[in-house]
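A look at the structure
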Amino acid sequence: MSTPQNPCRQAEAELLAHGLSLPETDLAPPRRDADPFHYLRVAGKGFAWFGGRDASPDELVLTVKLPISAEMVAELPFVQESKGWHKRNNWVTARFGPADDVLAELETLKAWMLQSYLSMAPRKLARQVAGD
């Protein structure tokens, strides 16, 4: 398999692989034919999604639940301000354009995905993964 040329697509491919490597995860089918999102689920509950209605093909948009660090990361330059339900429930959206160094933030984004996974996974599964 070839590596995507666009750094945002490369980061998305690595993040999807990371998310799918966690126990009992899957990639949910699109809700609608034209759905611009890719959803990662654990035990049927979404913990990360990629894309957005206004996202361009050369961007990376990742939304995750960060119950521990949502307030701490809000001021990062690549974090989009959350509103309403998303803000109340600690969902954070990271947005990277073609000029941004998304690959430099890859480990941070993987850690965010893990935090989101642990917050949405069944307790038994979360304890198992957190203990690894």
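Small disclaimer: the values here were computed from a predicted structure and weren't measured.

So, the packing of aromatic side chains
Summed over the entire model, instances satisfying the criterion amount to six aromatic pairs. Arranged with centres 5.4 Å apart and planes meeting at 85 degrees, the rings of Phe47 and Tyr117 form a pair that is edge-to-face. Here Tyr117 lies in helix H4 (residues 106-120) and Phe47 lies in strand S3 (residues 45-50), a separation of 70 residues in the sequence. By the burial criterion, Phe47 is buried, and Tyr117 matches it. Through pairs of rings, three or more aromatic residues link up here, namely Tyr39, Trp49, Trp85 and Trp91.

Some details on the nonpolar core
Within the largest apolar cluster, 37 residues are counted, with the highest numbers of intra-cluster contacts made by Phe47, Leu60, Leu109, Trp112 and Met113. Counting only elements with at least two residues in this core, the list comes to helix H1 (7-20), strand S2 (38-42), S3, strand S4 (60-65), helix H2 (70-73), strand S6 (91-96), H4 and helix H5 (123-131). No other element matches the six residues that H4 contributes to this core. Once residues lying within four places of it in the same chain are set aside, the contact partners of Trp112 are Val64, Lys65, Leu66, Val73, Leu76, Phe78, Val79, Val92 and Ala94.

A short note on H4
Taking 1.5 Å as the rise per residue, H4 with 15 residues should run 21 Å; its terminal C-alpha atoms sit 21 Å apart, in good agreement. Among the residues of H4, those classed as buried are Leu106, Leu109, Lys110, Trp112, Met113, Gln115, Ser116, Tyr117 and Met120.

As for the side chain of Lys65
Within the fold, Lys65 resides in strand S4. There is no salt bridge for the buried Lys65, and the closest opposite charge comes from Glu71, which lies 13 Å off by N-O distance. Here the side chain of Lys65 touches Asn89 through a polar contact of 3.0 Å, landing on its backbone oxygen. Other than its neighbours up to four places away in sequence, Lys65 contacts Phe47, Asn89, Asn90, Trp91, Trp112, Gln115, Ser116, Ser119 and Met120.

Notes on the pattern of salt bridges
Taken as a whole, this structure holds four salt bridges when the rule is applied. With a closest N to O distance of 2.6 Å, Asp26 and Arg41 form a salt bridge. Taken as a pair, Asp26 in strand S1 (residues 25-28) and Arg41 in strand S2 lie far apart in primary sequence, 15 residues in all. Taking the shortest distance from any N to any O, the salt bridge between Arg95 and Glu59 comes out at 3.1 Å.

Quick notes on H5
Those residues of H5 not exposed but buried are Leu125, Ala126 and Val129. All buried residues of H5 project into a common sector of 100 degrees when viewed along the axis, lining one side. Seen from the open side of H5, the exposed residues pointing more than 90 degrees away from its buried face are Arg123, Lys124, Arg127 and Gly131. Where H5 is buried, its residues contact S2 and H4.

Parameters and conventions
- Residues numbered from 1 in each chain as written.
- Predicted model: local features only at pLDDT ≥ 70, side-chain atom pairs only at ≥ 80, totals over all residues.
- Heavy atoms only, no water.
- Phe/Tyr/Trp six-rings, centres within 6.5 Å; stacked < 30°, edge-to-face > 60°.
- Helix = DSSP H or I, 4+ residues; strand = E, 2+ residues; numbered from the N terminus.
- Buried < 20%, exposed > 50% of the residue type's maximum accessible area, 1.4 Å probe, protein only.
- Core = buried A, V, L, I, M, F, W, Y, C linked by side-chain atoms within 4.5 Å.
- Contact = heavy atoms within 4.5 Å.
- Expected span 1.5 Å × (residues − 1).
- Lys, Arg positive; Asp, Glu negative; His and termini not counted.
- Salt bridge = Lys/Arg side-chain N within 4 Å of Asp/Glu carboxyl O.
- Polar contact = N/O pair within 3.5 Å; in protein donor to acceptor, adjacent residues only side chain to side chain.
- Arc of directions from axis to C-beta.

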